[in-house]
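# Reading the structure
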Amino acid sequence: AGGSVRAAPGRRGPALPPEPALLVAGALMGAGDVIAQQLVERRGLRGHHGQRTLRMMAIGFCFVGPVVGGWYKILDRLVPGATKVVAVKKMVLDQGGFAPCFLGCFLAITGATNGLSVEENWSKIQQ
């Protein structure tokens with residue numbers, strides 16, 4: 001019921017739809033790039049780099065959504081509960097452990113998709 005297209009375990013059925021978090025991550029990454037190009041860089045519609053926006057959306061769909069979504073599932077298993085103390089523990093683990101690793105990977109991926117060499121990419125990450 002409810003229009004679900006998920007097949008029962010072990011049975012063949014229709015393809016599973018992507019998790020909504022992946023779609024949201026890609027859409028937000030694309031929207032963020034449009035905002036950056038139009039409001040921050042003031043490129044205008046004629047100067048908008050559509051390929052850049054598509055690359056950012058792809059990074060959101062293929063990297064940010066799955067990695068962050070997976071991390072939050074792990075974090076919920078590591079620190080169960082919904083109290084203020086639990087929230088602080090999760091924040092410390094997230095910002096102290098996950099965020100630095102994620103940011104390094106994200107910068108490396110965006111640099112590579114923008115055509116930076118390994119040396120240029122590493123230099124930019126160190127900055």
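Residues numbered from 1 in each chain as written. Predicted model: local features only at pLDDT ≥ 70, side-chain atom pairs only at ≥ 80, totals over all residues. Heavy atoms only, no water.

The protein carries the name Mitochondrial inner membrane protein Mpv17 in an unreviewed UniProt entry, which gives Chauna torquata as its organism. Under the Sequence similarities (unreviewed entry) heading, UniProt states for the protein: "Belongs to the peroxisomal membrane protein PXMP2/4 family." Per UniProt, the protein carries the Subcellular location (unreviewed entry) text "Membrane". (UniProt positions renumbered as here; feature names shortened; annotations may be inferred.)

Our focus in this paragraph is the packing of helix α1 (residues 20-40) against helix α2 (residues 50-78). Two elements in contact, α1 and α2, have axes separated by 7 Å at closest approach and are oriented at 145°. Crossing geometry of α1 relative to α2 is assigned as right-handed. Note on element contacts: α2 touches α1 through R52, T53, M56, M57, I59, G60, F61, V64, G65 and P66, opposite A21, L22, L23, A25, G26, A27, M29, G30, D33, V34, A36 and Q37. Each residue belonging to the contact of α1 with α2 can be placed in one class, and the counts come to 14 nonpolar, six polar and two charged. (Axes fitted to C-alpha atoms, helices over the stretch in contact; angles between N-to-C directions. Helix = DSSP H or I, 4+ residues; strand = E, 2+ residues; numbered from the N terminus. Left-handed = near helix turned anticlockwise from the far one by under 90°. Contact = heavy atoms within 4.5 Å. Nonpolar A, V, L, I, M, F, W, Y, C, P; charged D, E, K, R; others polar.)

Let's shift gears to a nonpolar patch on the surface. Together, I35, L39 and V40 give the surface a local cluster of nonpolar side chains, amounting to about 320 Å² of exposed area. Take I35: it is sitting in helix α1. (Patch = residues over 30% accessible without salt bridge, like charges linked within 9 Å, V, L, I, M, F, W, Y side chains within 5 Å. Areas by Shrake-Rupley, 256 points an atom, 1.4 Å probe, with all protein chains shown as cover. Salt bridge = Lys/Arg side-chain N within 4 Å of Asp/Glu carboxyl O.)

The sites that UniProt annotates as "transmembrane region" (unreviewed entry) are residues 52-72 and 97-118. For residues 52-72, the end-to-end C-alpha separation is 28 Å, with 100% helix and 0% strand making up the annotated structure. The span residues 97-118 is 82% helix and 0% strand, and its two end C-alpha atoms sit 24 Å from each other.

It is worth spelling out α2 at this point. The α-helix winds at 3.6 residues per turn, so residues separated by three or four positions along the chain end up facing the same way. For α2, which comprises 29 residues, the first-to-last C-alpha distance of 40 Å matches the rise-based estimate of 42 Å (1.5 Å per residue) to within 8%. Within α2 the residues assigned to the buried category are R52, T53, M56, I59, G60, F63, V64, G65, V68, W71 and L75. Buried residues along α2 sit against α1 and α3 (84-113). (Expected span 1.5 Å × (residues − 1). Buried < 20%, exposed > 50% of the residue type's maximum accessible area, 1.4 Å probe, protein only.)

For the rest of this paragraph, the subject is unusual backbone geometry. For R42, which is not glycine, the phi torsion reads 50° and is therefore positive. Inspection of the secondary structure assignment puts R42 in the loop between α1 and α2. Here R42 falls in the exposed class, since its relative accessible area comes to 68%.

So, about the pattern of salt bridges. In total, this model carries four salt bridges according to the counting rule given. Put simply, E41 and R43 hold a salt bridge, and the shortest N to O gap is 2.7 Å. When its relative accessible area of 36% is taken as the criterion, E41 is described as partly exposed. Taking relative accessible area as the criterion, R43 reaches 32% and is therefore assigned partly exposed. Measuring nitrogen to oxygen at the nearest pair gives 2.6 Å for the salt bridge that ties D76 to K90. Here K90 lies in helix α3 and D76 lies in helix α2, a separation of 14 residues in the sequence. Overall, the relative accessible area of 43% leaves D76 in the partly exposed class. On the accessibility criterion, K90 (16% relative accessible area) is buried. Here the salt bridges share partners, and the residues they tie into one network are D33, E41, R43 and R52.

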